[in-house]
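# Structural description and commentary
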Amino acid sequence: MDYIIDKYQLFIDLLPLLMKGLLMTFEVSILSILIGSLLGFLFGILRTLGNKIITNTIGLYLHIFRGTPYLVQLYLIYFVLPSFDVEFLKFDSFTAAIVSLSLYTSSYVTEIVTSAINAVPKGQSEGARSVGMSRFQSLYHIVIPQALKLSIPPMSGVYVIIIKSTAVLSVIGISELTRQGEIAILRLPGNLMFIYLLIAVMYFIYCYPVLRFASWAEKRYGSIGVDPE
Amino acid sequence: MGQYTDVFIEGILTTLALAGICLVLSIFFGIFLALMRRSSNPFVWRSAAAYIQIIRSTPLLIQIYLIYYGLPLLIGNYFGEEATAIIALTIHSTPYMAEIIRAGIQSIDRGQSEGGMSVGMSKPQTMFYIVLPQALANVIPPLLGQTAVLIKDTSLFSIIAVFELMGAGLRMYSETVIATESYVTTAACYLLIYMMMLIFSNMTQKWLGGGAWQTAH
């Protein structure tokens, strides 16, 4: 019983510190998801327009981001870009985190949006063109609304990946959940396991609803065969 | 750069070895986890589902820390970084493999297992001789995709001081303090591995060419 009271007291003491971390995790992940999704959405549409050069350039971009671990991308953006001596590229750690995570998100979202647009039956855009819509109109009014629906389930899967990736940001000193936990452990090294378990539970509370939403959405909107996880 | 060639080659080999061992182990355990998840016993399938959900909702980094610091406390025995890394990554990727394999088992027509049963095979026999071989062949594309993720995940082990590809980059950086060459080389090595995976994936696609490959990327 003493043990439980002891841990409970510890939990109460640590809560403000960890909540601050969770808030930072929330902030970084939401910002990157927003920017990354917009970017990915744009790239995804550009990729389906049929211009060979654009398609191949975006393809190369995807390969580079899919082929390297996020940790390497983070190091490249945080440590390598400033060495080019361009004032604009000298990011502080927060900006570096947002930039790298947004680019990482966009690589997943591009792939999903492309597949979703391709999954909309060709008859839809042909029909739109035959009633006199322009290419842009058929894309905007007919294809994209249907594609968006299809992209909801895999998109939620990506968001879980991104939320989990924010843990890596602790290595460049962003004070998100993992980093705050490490600070707490420096103060209370005896409770290392308890603190890490607490952090794991907090990530779980954030990620699990999104995962459940993803599987619910897959039942509701169907699968297009892109499983980001 | 030249003097670091050996360091990077060693890093690549360690990364591939770690990923290879974890791949074999996680597919092996993944098959059992998938079967547990499909079990009709509520205790069995619920505990399998809970394990899958917990792993999928927490970051790999936290799992590595928990196992790296927690395992010695639990067992009272320290394994060394490499063994810890293999245990952590296997525990992490088994649920992902299990979900893929489960989808594969579900894609096999009921007639297959009914046919197996009707020629007198027991339930486990139908599963292991009839259903699983077809299921695994069908899910090779997503399994290869997950393998690529597995290889990338090994980079996090540099944080617990396992010397793999990312560790090679970090060592070069700490000795030369030239960020550009250290990290660009690391990235290039990962891209090299990724390219080999792509080529391998395309080759298997040509060899097998089954039903599931039509929709695969």
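Not measured: the values here are computed from a predicted model.

## A closer look at the overall build of chain B
When helices and strands are tallied, chain B shows nine helices and zero strands. Ordered by position from N to C terminus, the α and β elements of chain B give α-α-α-α-α-α-α-α-α. Its C-alpha atoms put chain B at 70 × 45 × 25 Å along the principal axes. Expressed as a percentage of its 217 residues, the buried residues of chain B come to 37%.

## Some remarks on the overall build of chain A
Helix and strand counts for chain A come out as eight helices and zero strands. Along its sequence from the N terminus, chain A presents helices and strands in the succession α-α-α-α-α-α-α-α. Referenced to the eigenvectors of the C-alpha coordinate spread, the extents of chain A come out at roughly 75 × 50 × 25 Å. Taking all 229 residues of chain A together, 40% fall into the buried category.

## A look at the packing of helix H3 (residues 60-75) of chain B against helix H4 (residues 81-107) of chain B
Between two packed helices, the angle of one axis relative to the other and the distance separating the axes together describe the packing. Residues and elements named next belong to chain B. Taken N-terminus to C-terminus, the directions of H3 and H4 make an angle of 135°; their axes are 9 Å apart at the nearest point. Classified by the interaxial angle, the pair formed by H3 and H4 is oblique. Note that H3 runs across H4; the crossing there is right-handed. Together, Leu 60, Gln 63, Ile 64, Ile 67, Tyr 68 and Leu 71 of H3 and Thr 84, Ile 87, Ala 88, Ile 91 and His 92 of H4 make up the contact between the two elements. Each residue belonging to the contact of H3 with H4 can be placed in one class, and the counts come to eight nonpolar, three polar and no charged.

## A short note on the interface of chain A and chain B
If you look at the interface, chain A gives 30 residues, while chain B gives 30 residues. When contributions to the side of chain A that touches chain B are tallied by element, the ones reaching two or more residues are helix H2 (52-67), helix H3 (70-80) and helix H8 (192-221) of chain A. Counting residues per element, the side of chain A that touches chain B draws most heavily on H8(A), which supplies 11 residues. Of the residues in the side of chain A that touches chain B, the class split is 22 nonpolar, five polar and three charged.

## Focus on the environment of A:Ala97
For A:Ala97, the location among the structural elements is in helix H4 (residues 93-119). In this view, A:Ala97 contacts A:Val28, A:Leu169, A:Ile172 and A:Ile174; residues no more than four positions away in its chain are not counted.

## Topic: the nonpolar core
Counting residues in each nonpolar core, the largest one holds 80 residues, and the members touching the most others are A:Leu71, A:Ile199, A:Tyr203, B:Leu61, B:Ile62 and B:Ile64. Top element by residues in this core is H4(A). It accounts for 13 residues. Residues within four places of A:Tyr203 in sequence aside, it is in contact with A:Leu177, B:Ser57, B:Thr58, B:Pro59 and B:Ile62. Judged by nonpolar contacts, the second largest core, of 15 residues, contains B:Leu33, B:Ala34, B:Ala98 and B:Ala135.

## Focus on the packing of helix H1 (residues 2-48) of chain A against helix H7 (residues 177-187) of chain A
Residue and element names in this part refer to chain A. Running from amino to carboxyl end, H1 crosses H7 at an angle of 155°, the nearest separation of the two axes being 7 Å. Looking at the two axes, H1 sits roughly antiparallel to H7. Judged by the sense of rotation from one axis to the other, the crossing of H1 with H7 is right-handed. Taken together, the residues of H7 that come into contact with H1 (itself represented by Leu 14, Leu 17, Leu 18, Lys 20, Gly 21, Leu 22 and Thr 25) are Leu 177, Arg 179, Gln 180, Gly 181 and Ala 184. Considered class by class, the residues forming the contact of H1 with H7 number six nonpolar, four polar and two charged.

## A word on the environment of A:Tyr208
Within the secondary structure, A:Tyr208 sits in helix H8. Taking the C-alpha atoms as reference points, A:Tyr208 and A:Gly67, 141 residues apart in sequence, are found 27 Å from one another. Those residues in contact with A:Tyr208 that lie beyond four places of it in its chain are B:Gln53 and B:Ser57.

## With respect to the environment of A:Ser102
All names here are of chain A. In this fold, Ser 102 is placed in helix H4. Under the C-beta neighbour-count criterion, Ser 102 is labelled buried, with 21 such atoms within 10 Å. With near-sequence residues (within four places) excluded, Ser 102 lies in contact with Ser 32, Ile 35, Gly 36 and Leu 39.

## A look at unusual backbone geometry
Residue and element names in this part refer to chain B. For Ala 161, which is not glycine, the phi torsion reads 65° and is therefore positive. Assignment of secondary structure puts Ala 161 in the loop between helix H7 (140-153) and helix H8 (165-176). Residue Ala 161 is classed as exposed on the basis of its C-beta count, with 11 C-beta atoms lying within 10 Å. The backbone of Val 177 sits at a positive phi, close to 55°, despite the residue not being glycine. One can find Val 177 in the loop between H8 and helix H9 (179-208).

Conventions adopted
- Residues numbered from 1 in each chain as written.
- Chains lettered and ligands numbered in written order.
- Predicted model: local features only at pLDDT ≥ 70, side-chain atom pairs only at ≥ 80, totals over all residues.
- Helix = DSSP H or I, 4+ residues; strand = E, 2+ residues; numbered from the N terminus.
- Buried ≥ 20, exposed ≤ 12 C-beta atoms within 10 Å, placed from the backbone.
- Axes fitted to C-alpha atoms, helices over the stretch in contact; angles between N-to-C directions.
- Parallel < 35°, antiparallel > 145°, perpendicular 65-115°, else oblique.
- Left-handed = near helix turned anticlockwise from the far one by under 90°.
- Contact = placed C-beta atoms within 7 Å.
- Nonpolar A, V, L, I, M, F, W, Y, C, P; charged D, E, K, R; others polar.
- Core = buried A, V, L, I, M, F, W, Y, C linked by C-beta atoms within 7 Å.

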